[in-house]
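Analysis of the macromolecular model
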Amino acid sequence: MRDFIPVSEPDIGEPERQAVLRCLEAGWISSEGPFVREFEEAVASWVGRRFGVAVSSGTAALDISVAALDIGPGDEVIIPTFTIISCVQQVIRSGAKPIFVDCDPDTWNARVEDIAASISPRTRAIIIPHIYGLTTDVEALERLARENGIHLIEDAAEALGQEWRGRRCGSFGIVSTLSFYPNKLITTGEGGMVLTDDEELTKRLRRLRNLAFAEGPRFRHDELGWNYRMGSLQAAIGSAQLDSAEDRLIRKRSIGQRYRELLGDIECLQLPVDNWRGQENVYWVFGFLINRDAGINAQSASEALRAHGVDSRPFFYPLHKQVALQEFCDPDATFPNAERVAERGLYVPSGPNLTEQDLVRVADAIREVLS
Ligand SMILES: *Cc1c(COP(=O)(O)O)cnc(C)c1O
(Lines give C-alpha, C1' and ligand atoms only; values in the text may rest on other atoms or scores of the structure.)
Protein backbone atom coordinates (compact mmCIF):
# COMPACT_ATOMS: atom_id res chain seq x y z
CA MET A 1 0.00 0.00 0.00
CA ARG A 2 1.22 3.50 -0.81
CA ASP A 3 2.16 5.86 2.03
CA PHE A 4 0.63 8.84 0.36
CA ILE A 5 -1.91 9.29 -2.46
CA PRO A 6 -1.07 12.50 -4.33
CA VAL A 7 -3.82 14.73 -5.65
CA SER A 8 -2.65 14.19 -9.20
CA GLU A 9 -0.11 12.04 -10.99
CA PRO A 10 0.54 12.31 -14.72
CA ASP A 11 -0.01 9.27 -16.93
CA ILE A 12 3.35 9.13 -18.74
CA GLY A 13 4.41 5.89 -20.39
CA GLU A 14 6.33 4.24 -23.19
CA PRO A 15 4.69 6.22 -26.04
CA GLU A 16 5.80 9.50 -24.44
CA ARG A 17 9.35 8.15 -23.92
CA GLN A 18 9.52 7.04 -27.55
CA ALA A 19 8.21 10.38 -28.77
CA VAL A 20 10.92 12.26 -26.86
CA LEU A 21 13.61 9.94 -28.26
CA ARG A 22 12.34 10.47 -31.83
CA CYS A 23 12.51 14.19 -31.25
CA LEU A 24 16.07 14.05 -29.88
CA GLU A 25 17.18 11.81 -32.74
CA ALA A 26 15.66 14.18 -35.29
CA GLY A 27 17.68 16.98 -33.69
CA TRP A 28 14.75 19.36 -33.28
CA ILE A 29 14.71 20.72 -29.76
CA SER A 30 13.66 24.37 -30.19
CA SER A 31 10.17 25.38 -31.30
CA GLU A 32 11.28 25.06 -34.94
CA GLY A 33 10.77 21.88 -36.94
CA PRO A 34 7.77 19.60 -37.46
CA PHE A 35 6.93 18.55 -33.89
CA VAL A 36 5.18 21.70 -32.68
CA ARG A 37 3.22 22.09 -35.92
CA GLU A 38 2.11 18.44 -35.80
CA PHE A 39 0.93 18.81 -32.21
CA GLU A 40 -0.96 22.02 -33.02
CA GLU A 41 -2.72 20.39 -35.95
CA ALA A 42 -3.55 17.23 -34.00
CA VAL A 43 -5.12 19.10 -31.07
CA ALA A 44 -7.02 21.51 -33.33
CA SER A 45 -8.47 18.66 -35.35
CA TRP A 46 -9.38 16.62 -32.25
CA VAL A 47 -11.28 19.56 -30.81
CA GLY A 48 -12.76 20.71 -34.13
CA ARG A 49 -10.89 23.96 -34.73
CA ARG A 50 -8.98 25.12 -37.82
CA PHE A 51 -5.85 26.43 -36.06
CA GLY A 52 -3.79 25.77 -32.94
CA VAL A 53 -1.01 27.98 -31.56
CA ALA A 54 1.11 26.12 -29.00
CA VAL A 55 2.58 28.17 -26.17
CA SER A 56 4.51 27.69 -22.94
CA SER A 57 1.49 27.55 -20.58
CA GLY A 58 -2.25 27.98 -20.26
CA THR A 59 -1.60 31.38 -18.71
CA ALA A 60 0.46 32.37 -21.78
CA ALA A 61 -2.44 31.24 -24.00
CA LEU A 62 -4.78 33.60 -22.12
CA ASP A 63 -2.25 36.46 -22.24
CA ILE A 64 -1.80 36.37 -26.02
CA SER A 65 -5.53 35.83 -26.59
CA VAL A 66 -6.43 39.00 -24.69
CA ALA A 67 -3.61 40.91 -26.43
CA ALA A 68 -4.50 39.63 -29.91
CA LEU A 69 -8.07 40.87 -29.49
CA ASP A 70 -6.72 44.39 -28.73
CA ILE A 71 -8.42 44.55 -25.35
CA GLY A 72 -7.17 47.62 -23.48
CA PRO A 73 -7.94 50.86 -21.65
CA GLY A 74 -11.63 51.73 -21.52
CA ASP A 75 -12.72 48.12 -22.09
CA GLU A 76 -14.54 45.90 -19.64
CA VAL A 77 -14.07 42.15 -19.57
CA ILE A 78 -16.55 39.91 -17.75
CA ILE A 79 -14.82 37.15 -15.74
CA PRO A 80 -16.20 34.71 -13.16
CA THR A 81 -14.71 35.42 -9.74
CA PHE A 82 -14.43 31.68 -9.01
CA THR A 83 -11.43 30.83 -11.17
CA ILE A 84 -7.63 30.89 -11.37
CA ILE A 85 -5.79 34.21 -11.53
CA SER A 86 -4.51 33.41 -15.04
CA CYS A 87 -7.87 34.56 -16.45
CA VAL A 88 -7.45 38.13 -15.27
CA GLN A 89 -3.74 38.97 -15.45
CA GLN A 90 -3.47 40.28 -19.02
CA VAL A 91 -6.86 42.01 -18.72
CA ILE A 92 -5.39 44.07 -15.86
CA ARG A 93 -2.01 44.60 -17.51
CA SER A 94 -3.69 45.80 -20.71
CA GLY A 95 -5.46 48.55 -18.75
CA ALA A 96 -8.93 47.01 -19.20
CA LYS A 97 -11.30 46.56 -16.26
CA PRO A 98 -12.40 43.12 -15.05
CA ILE A 99 -16.08 42.82 -14.15
CA PHE A 100 -16.56 39.84 -11.86
CA VAL A 101 -19.61 37.57 -11.74
CA ASP A 102 -20.62 35.04 -9.10
CA CYS A 103 -20.84 31.27 -9.63
CA ASP A 104 -23.73 28.83 -9.44
CA PRO A 105 -23.92 27.22 -5.97
CA ASP A 106 -24.12 23.69 -7.44
CA THR A 107 -22.11 23.58 -10.69
CA TRP A 108 -19.62 26.27 -9.58
CA ASN A 109 -19.68 27.70 -13.12
CA ALA A 110 -20.78 31.25 -13.90
CA ARG A 111 -24.43 31.55 -15.02
CA VAL A 112 -25.41 32.95 -18.40
CA GLU A 113 -28.01 35.28 -16.84
CA ASP A 114 -25.45 36.82 -14.46
CA ILE A 115 -23.07 37.38 -17.36
CA ALA A 116 -25.85 38.91 -19.47
CA ALA A 117 -26.76 41.26 -16.63
CA SER A 118 -23.13 42.46 -16.45
CA ILE A 119 -22.89 43.57 -20.08
CA SER A 120 -22.47 47.34 -20.49
CA PRO A 121 -21.66 49.56 -23.50
CA ARG A 122 -17.98 49.20 -22.53
CA THR A 123 -17.94 45.38 -22.49
CA ARG A 124 -15.43 44.01 -25.02
CA ALA A 125 -15.18 40.37 -24.01
CA ILE A 126 -16.30 37.54 -21.75
CA ILE A 127 -13.74 35.05 -20.47
CA ILE A 128 -15.41 31.79 -19.51
CA PRO A 129 -13.36 29.14 -17.70
CA HIS A 130 -15.10 25.79 -17.28
CA ILE A 131 -14.83 24.64 -13.70
CA TYR A 132 -13.63 21.15 -12.71
CA GLY A 133 -15.16 19.29 -15.67
CA LEU A 134 -18.58 20.83 -16.35
CA THR A 135 -19.40 23.83 -18.52
CA THR A 136 -22.07 26.45 -18.40
CA ASP A 137 -24.35 26.79 -21.48
CA VAL A 138 -21.51 27.89 -23.79
CA GLU A 139 -23.79 27.93 -26.82
CA ALA A 140 -26.00 30.52 -25.11
CA LEU A 141 -22.86 32.50 -24.26
CA GLU A 142 -21.76 32.40 -27.91
CA ARG A 143 -25.17 33.77 -28.90
CA LEU A 144 -25.01 36.45 -26.19
CA ALA A 145 -21.55 37.52 -27.38
CA ARG A 146 -22.66 37.63 -31.02
CA GLU A 147 -25.81 39.65 -30.25
CA ASN A 148 -23.78 42.18 -28.28
CA GLY A 149 -20.83 42.39 -30.67
CA ILE A 150 -18.34 41.23 -28.05
CA HIS A 151 -15.74 38.47 -27.93
CA LEU A 152 -16.10 35.16 -26.13
CA ILE A 153 -12.81 33.67 -24.87
CA GLU A 154 -13.26 30.07 -23.75
CA ASP A 155 -10.77 28.80 -21.16
CA ALA A 156 -11.17 25.07 -21.70
CA ALA A 157 -8.17 24.01 -19.57
CA GLU A 158 -10.35 21.95 -17.22
CA ALA A 159 -12.82 20.65 -19.78
CA LEU A 160 -10.72 19.23 -22.59
CA GLY A 161 -12.64 16.17 -23.80
CA GLN A 162 -15.93 17.60 -22.53
CA GLU A 163 -18.71 18.44 -24.99
CA TRP A 164 -21.67 20.77 -25.02
CA ARG A 165 -24.53 19.67 -27.33
CA GLY A 166 -22.20 17.57 -29.46
CA ARG A 167 -19.45 20.17 -29.81
CA ARG A 168 -16.11 19.70 -28.08
CA CYS A 169 -14.93 22.22 -25.51
CA GLY A 170 -12.14 24.26 -27.04
CA SER A 171 -14.31 25.07 -30.06
CA PHE A 172 -16.49 27.84 -28.57
CA GLY A 173 -16.02 31.57 -29.03
CA ILE A 174 -13.47 33.52 -31.07
CA VAL A 175 -10.57 31.81 -29.25
CA SER A 176 -10.24 28.96 -26.78
CA THR A 177 -7.30 28.30 -24.49
CA LEU A 178 -5.88 25.07 -23.10
CA SER A 179 -3.27 24.22 -20.47
CA PHE A 180 -1.04 21.14 -20.59
CA TYR A 181 0.09 21.31 -16.98
CA PRO A 182 0.63 17.79 -15.51
CA ASN A 183 -2.82 17.64 -13.89
CA LYS A 184 -4.66 18.34 -17.17
CA LEU A 185 -6.11 15.68 -19.51
CA ILE A 186 -3.13 16.08 -21.86
CA THR A 187 0.20 17.17 -20.40
CA THR A 188 3.42 18.42 -21.94
CA GLY A 189 4.95 19.12 -18.52
CA GLU A 190 4.40 22.83 -18.97
CA GLY A 191 2.50 24.09 -22.00
CA GLY A 192 -0.69 25.48 -23.45
CA MET A 193 -2.47 26.27 -26.68
CA VAL A 194 -4.79 28.80 -28.26
CA LEU A 195 -7.39 27.41 -30.67
CA THR A 196 -9.29 29.48 -33.22
CA ASP A 197 -10.93 29.30 -36.64
CA ASP A 198 -9.71 32.79 -37.62
CA GLU A 199 -6.68 32.84 -39.91
CA GLU A 200 -5.70 36.49 -39.36
CA LEU A 201 -5.98 36.11 -35.61
CA THR A 202 -3.79 33.00 -35.82
CA LYS A 203 -1.02 35.01 -37.49
CA ARG A 204 -1.26 37.64 -34.77
CA LEU A 205 -1.18 34.99 -32.03
CA ARG A 206 1.91 33.39 -33.61
CA ARG A 207 3.64 36.77 -33.70
CA LEU A 208 2.74 37.61 -30.10
CA ARG A 209 4.11 34.31 -28.77
CA ASN A 210 7.38 34.91 -30.64
CA LEU A 211 8.51 38.39 -29.51
CA ALA A 212 6.19 39.98 -32.10
CA PHE A 213 8.74 39.65 -34.90
CA ALA A 214 7.24 41.57 -37.81
CA GLU A 215 6.88 39.96 -41.22
CA GLY A 216 9.70 40.99 -43.54
CA PRO A 217 13.21 41.91 -42.36
CA ARG A 218 14.36 40.10 -39.23
CA PHE A 219 14.58 41.89 -35.85
CA ARG A 220 11.91 44.46 -36.66
CA HIS A 221 9.07 44.83 -34.18
CA ASP A 222 5.91 46.93 -34.58
CA GLU A 223 4.56 45.94 -31.16
CA LEU A 224 5.67 44.13 -28.01
CA GLY A 225 5.19 40.40 -27.59
CA TRP A 226 6.45 37.60 -25.39
CA ASN A 227 8.67 34.58 -25.70
CA TYR A 228 5.89 32.10 -25.04
CA ARG A 229 7.11 29.48 -27.53
CA MET A 230 6.62 25.75 -26.86
CA GLY A 231 9.63 23.50 -27.44
CA SER A 232 9.63 20.37 -29.63
CA LEU A 233 10.20 17.97 -26.73
CA GLN A 234 7.03 19.22 -25.07
CA ALA A 235 5.11 18.99 -28.33
CA ALA A 236 6.30 15.43 -28.90
CA ILE A 237 5.08 14.42 -25.44
CA GLY A 238 1.79 16.19 -26.14
CA SER A 239 1.17 14.31 -29.38
CA ALA A 240 1.72 10.99 -27.58
CA GLN A 241 -0.62 12.13 -24.79
CA LEU A 242 -3.33 13.01 -27.28
CA ASP A 243 -3.31 9.43 -28.60
CA SER A 244 -4.38 8.15 -25.17
CA ALA A 245 -6.64 11.07 -24.17
CA GLU A 246 -9.92 9.23 -24.89
CA ASP A 247 -8.83 6.37 -22.67
CA ARG A 248 -7.95 8.75 -19.81
CA LEU A 249 -11.26 10.53 -20.23
CA ILE A 250 -13.09 7.23 -19.70
CA ARG A 251 -10.97 6.44 -16.65
CA LYS A 252 -11.56 9.91 -15.14
CA ARG A 253 -15.30 9.54 -15.59
CA SER A 254 -15.34 6.14 -13.96
CA ILE A 255 -13.23 7.43 -11.04
CA GLY A 256 -15.85 10.17 -10.57
CA GLN A 257 -18.65 7.59 -10.61
CA ARG A 258 -16.86 5.38 -8.10
CA TYR A 259 -16.29 8.29 -5.71
CA ARG A 260 -20.01 9.07 -5.97
CA GLU A 261 -20.87 5.52 -4.95
CA LEU A 262 -18.38 5.53 -2.10
CA LEU A 263 -19.33 8.95 -0.73
CA GLY A 264 -22.99 9.24 -1.70
CA ASP A 265 -24.40 8.49 1.75
CA ILE A 266 -22.32 11.08 3.66
CA GLU A 267 -24.93 13.71 4.46
CA CYS A 268 -22.66 16.63 5.19
CA LEU A 269 -21.04 16.46 1.74
CA GLN A 270 -22.29 18.31 -1.32
CA LEU A 271 -21.00 16.19 -4.19
CA PRO A 272 -20.29 17.66 -7.64
CA VAL A 273 -23.16 17.72 -10.16
CA ASP A 274 -22.95 14.53 -12.21
CA ASN A 275 -25.14 15.53 -15.12
CA TRP A 276 -26.04 19.11 -15.93
CA ARG A 277 -28.68 19.63 -18.63
CA GLY A 278 -27.57 16.45 -20.38
CA GLN A 279 -23.84 17.05 -19.99
CA GLU A 280 -21.97 14.37 -18.06
CA ASN A 281 -19.22 15.61 -15.75
CA VAL A 282 -15.70 14.61 -16.93
CA TYR A 283 -14.42 15.01 -13.35
CA TRP A 284 -11.21 16.83 -14.26
CA VAL A 285 -10.93 16.85 -10.48
CA PHE A 286 -13.33 15.32 -7.97
CA GLY A 287 -14.27 18.18 -5.66
CA PHE A 288 -17.00 18.54 -3.04
CA LEU A 289 -18.25 20.98 -0.45
CA ILE A 290 -18.26 20.17 3.24
CA ASN A 291 -21.47 21.62 4.64
CA ARG A 292 -21.36 23.85 7.68
CA ASP A 293 -23.11 21.24 9.88
CA ALA A 294 -20.08 18.92 9.51
CA GLY A 295 -18.35 21.08 12.11
CA ILE A 296 -15.09 21.10 10.14
CA ASN A 297 -13.98 23.46 7.41
CA ALA A 298 -12.17 22.56 4.21
CA GLN A 299 -8.80 23.68 5.51
CA SER A 300 -8.94 21.49 8.63
CA ALA A 301 -10.35 18.58 6.66
CA SER A 302 -7.44 18.85 4.22
CA GLU A 303 -4.93 18.72 7.07
CA ALA A 304 -6.68 15.74 8.64
CA LEU A 305 -6.76 13.90 5.27
CA ARG A 306 -3.02 14.50 4.92
CA ALA A 307 -2.50 12.76 8.26
CA HIS A 308 -4.33 9.78 6.71
CA GLY A 309 -1.94 9.83 3.72
CA VAL A 310 -4.45 11.44 1.38
CA ASP A 311 -3.59 14.59 -0.54
CA SER A 312 -6.18 17.27 -1.33
CA ARG A 313 -6.41 20.88 -2.47
CA PRO A 314 -8.69 23.73 -1.51
CA PHE A 315 -10.95 25.22 -4.19
CA PHE A 316 -10.03 28.47 -5.96
CA TYR A 317 -9.85 31.57 -3.80
CA PRO A 318 -12.19 34.07 -5.51
CA LEU A 319 -10.56 36.77 -7.62
CA HIS A 320 -12.53 39.57 -5.95
CA LYS A 321 -10.86 38.65 -2.62
CA GLN A 322 -7.29 38.58 -3.97
CA VAL A 323 -5.03 41.19 -2.37
CA ALA A 324 -3.35 41.73 -5.75
CA LEU A 325 -6.69 42.72 -7.31
CA GLN A 326 -8.25 44.94 -4.64
CA GLU A 327 -7.74 48.20 -6.54
CA PHE A 328 -9.66 46.72 -9.51
CA CYS A 329 -12.62 45.47 -7.48
CA ASP A 330 -15.85 47.24 -6.69
CA PRO A 331 -15.85 47.28 -2.84
CA ASP A 332 -19.66 47.04 -2.78
CA ALA A 333 -19.94 43.96 -5.00
CA THR A 334 -20.54 40.69 -3.17
CA PHE A 335 -20.36 37.18 -4.53
CA PRO A 336 -21.83 34.96 -1.81
CA ASN A 337 -21.82 31.70 -3.78
CA ALA A 338 -18.15 31.96 -4.72
CA GLU A 339 -17.25 32.85 -1.15
CA ARG A 340 -19.13 29.88 0.28
CA VAL A 341 -17.78 27.46 -2.34
CA ALA A 342 -14.21 28.68 -1.80
CA GLU A 343 -14.51 28.29 1.94
CA ARG A 344 -16.17 24.85 1.96
CA GLY A 345 -14.65 23.23 -1.14
CA LEU A 346 -11.92 20.64 -1.42
CA TYR A 347 -10.80 18.26 -4.11
CA VAL A 348 -9.26 14.88 -3.56
CA PRO A 349 -6.92 12.64 -5.61
CA SER A 350 -8.29 12.57 -9.17
CA GLY A 351 -5.47 11.33 -11.44
CA PRO A 352 -6.33 8.75 -14.10
CA ASN A 353 -4.06 6.06 -12.61
CA LEU A 354 -5.84 5.76 -9.26
CA THR A 355 -6.67 2.15 -8.40
CA GLU A 356 -9.82 0.79 -6.78
CA GLN A 357 -7.75 0.35 -3.61
CA ASP A 358 -6.70 4.02 -3.73
CA LEU A 359 -10.30 5.19 -4.17
CA VAL A 360 -11.55 3.11 -1.26
CA ARG A 361 -8.72 4.43 0.89
CA VAL A 362 -9.51 8.03 0.00
CA ALA A 363 -13.19 7.49 0.71
CA ASP A 364 -12.48 5.79 4.05
CA ALA A 365 -10.20 8.68 5.05
CA ILE A 366 -12.92 11.22 4.18
CA ARG A 367 -15.47 9.28 6.24
CA GLU A 368 -13.07 9.10 9.17
CA VAL A 369 -12.23 12.81 9.04
CA LEU A 370 -15.89 13.83 8.91
CA SER A 371 -17.12 11.48 11.63
C1 LIG B 1 -4.61 25.13 -15.30
C2 LIG B 1 -5.43 26.29 -15.67
C3 LIG B 1 -4.89 27.47 -16.22
C4 LIG B 1 -3.42 27.78 -16.21
O5 LIG B 1 -2.63 26.95 -16.91
P6 LIG B 1 -1.04 26.97 -16.69
O7 LIG B 1 -0.58 26.05 -17.78
O8 LIG B 1 -0.77 26.45 -15.33
O9 LIG B 1 -0.58 28.37 -16.89
C10 LIG B 1 -5.75 28.45 -16.67
N11 LIG B 1 -7.08 28.31 -16.55
C12 LIG B 1 -7.63 27.23 -15.99
C13 LIG B 1 -9.12 27.16 -15.91
C14 LIG B 1 -6.84 26.20 -15.52
O15 LIG B 1 -7.39 25.12 -14.93
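Our subject is the structure listed above.
Criteria and cut-off values
Residues numbered from 1 in each chain as written. Predicted model: local features only at pLDDT ≥ 70, side-chain atom pairs only at ≥ 80, totals over all residues. Heavy atoms only, no water. Axes fitted to C-alpha atoms, helices over the stretch in contact; angles between N-to-C directions. Helix = DSSP H or I, 4+ residues; strand = E, 2+ residues; numbered from the N terminus. Parallel < 35°, antiparallel > 145°, perpendicular 65-115°, else oblique. Left-handed = near helix turned anticlockwise from the far one by under 90°. Contact = heavy atoms within 4.5 Å. Near = heavy atom within 4 Å. Polar contact = N/O pair within 3.5 Å; in protein donor to acceptor, adjacent residues only side chain to side chain. Areas by Shrake-Rupley, 256 points an atom, 1.4 Å probe, with all protein chains shown as cover. Nonpolar A, V, L, I, M, F, W, Y, C, P; charged D, E, K, R; others polar. 1 Å grid on protein atoms, 1.4 Å probe; cavity = no way out; pocket = protein on both sides within 12 Å on 5 of 7 lines; lining within 4 Å. Points joined across faces, edges and corners; volume = space filled by probe spheres on them. Salt bridge = Lys/Arg side-chain N within 4 Å of Asp/Glu carboxyl O. Buried < 20%, exposed > 50% of the residue type's maximum accessible area, 1.4 Å probe, protein only. Pairing = 2+ DSSP bridges. Patch = residues over 30% accessible without salt bridge, like charges linked within 9 Å, V, L, I, M, F, W, Y side chains within 5 Å. Core = buried A, V, L, I, M, F, W, Y, C linked by side-chain atoms within 4.5 Å.

**Some details on the packing of helix H10 (residues 298-307) against helix H12 (residues 356-370)**
- Running from amino to carboxyl end, H10 crosses H12 at an angle of 125 degrees, the nearest separation of the two axes being 9 Å. Classed by the angle they form, the pair H10 and H12 counts as oblique. You can see that H10 and H12 cross each other, and the crossing is right-handed. Touching Ala-301, Ala-304 and Leu-305 of H10 are Ala-365, Ile-366 and Val-369, all from H12.

**Digging into the site of the ligand**
- The environment of the ligand is formed by Ser-57, Gly-58, Thr-59, Ile-84, Ser-86, Asp-155, Ala-157, Glu-158, Ser-179, Lys-184 and Gly-191.
- Thr-59 is positioned such that a nitrogen or oxygen atom in its side chain is 2.5 Å from an oxygen atom of the ligand.
- In this structure, Asp-155 approaches the ligand through a side-chain N or O atom, which is 2.6 Å from a nitrogen atom.
- Summarising the interface, the protein chains cover 90% of the accessible area of the ligand, which totals 380 Å² for the free molecule.
- Here the shell around the ligand is composed, by residue class, of 2 nonpolar, 6 polar and 3 charged.

**Notes on the layout of surface pockets**
- Here the largest pocket is characterised by a volume of approximately 670 Å³.
- Forming the walls of the largest pocket are 42 residues, and the residues nearest its centre are Ile-84, Tyr-181, Asn-183, Lys-184 and Trp-284.
- Looking at the lining of the largest pocket, the elements with two or more residues in it are helix H3 (58-68), helix H9 (245-263) and strand S14 (313-314).
- Ranked by residue count, the leading element in the lining of the largest pocket is H3, at 3 residues.
- Looking at side-chain class alone, the lining of the largest pocket contains 19 nonpolar, 14 polar and 9 charged residues.

**Description of the pattern of salt bridges**
- Per the stated rule, a full pass over the model turns up 29 salt bridges.
- The salt bridge partner of Arg-292 is Glu-343, with a shortest N-O separation of 3.8 Å. Pair noted here: Arg-292 is in the loop between strand S13 (286-290) and H10 and Glu-343 is in helix H11 (residues 336-344), with a separation of 51 residues, a long-range link.
- Owing to a relative accessible area of 60%, Arg-292 belongs among the exposed residues under this scheme.

**Observations concerning the pairing of strand S2 (residues 76-80)**
- Counting buried residues in S2 gives 5 out of 5 residues, a clear majority hidden from the surface.
- Side chains of S2 alternate between two faces, with Glu-76, Ile-78 and Pro-80 and Val-77 and Ile-79 buried alike.
- In the sheet, S2 pairs with strand S4 (residues 123-129) via 3 bridges, with the strands oriented parallel. Bridge pairing in S4 places Ile-78 opposite Ile-126.

**Considerations on the sheet that holds strand S10 (residues 269-270)**
- In spatial order, the strands read S10-S13-S15-S14; together these 4 strands make up an open sheet with antiparallel pairing. In this open sheet, the two edge strands, each paired with only one partner strand, are S10 and S14.
- In this sheet, strand S15 (residues 345-348) lies alongside S14 in antiparallel orientation, the contact comprising 2 bridges. Counted as the bridge partner of Pro-314 is Leu-346 from S15.
- Sheet strands touched by H9: S10, S13 and S15. Its angle to S13, the strand with the most contacts, is close to 30 degrees.

**What about a nonpolar patch on the surface?**
- Side chains of Leu-21, Leu-24 and Ile-29 sit close together on the surface and give an oily, nonpolar patch of about 280 Å² of accessible area.
- With respect to the helices, strands and loops of the structure, Ile-29 is situated in the loop between helix H1 (14-26) and helix H2 (34-47).
- What makes Ile-29 exposed here is its relative accessible area of 55%.

**As for the nonpolar core**
- Counting 46 residues, the largest nonpolar core has Ile-79, Phe-82, Ile-127 and Tyr-132 as the members making the most contacts within it.
- Among the elements of the structure, strand S1 (51-55), H3, S2, helix H4 (89-93), S4, helix H7 (199-209) and H11 are those that each provide at least two residues to this core.
- Setting aside anything within four residues of it in sequence, one finds Tyr-132 in contact with Phe-82, Trp-108, Glu-158, Asn-281, Tyr-283, Trp-284, Val-285, Phe-315 and Phe-316.
- Residues Ile-296, Ala-298, Ala-301 and Leu-346 belong to the second largest nonpolar core, which totals 29 residues.

**Some points on unusual backbone geometry**
- Within the chain, Trp-108 stands out as a residue other than glycine whose phi angle is a positive 70 degrees.
- With respect to the helices and strands, the residue Trp-108 is situated in the loop between strand S3 (97-101) and helix H5 (112-117).
- Within the chain, Leu-211 stands out as a residue other than glycine whose phi angle is a positive 60 degrees.
- Structurally, Leu-211 is set in the loop between H7 and helix H8 (232-243).
- With a relative accessible area of 35%, Leu-211 lands in the partly exposed category.

Geometric descriptors of this kind do not, in isolation, establish any biological role.
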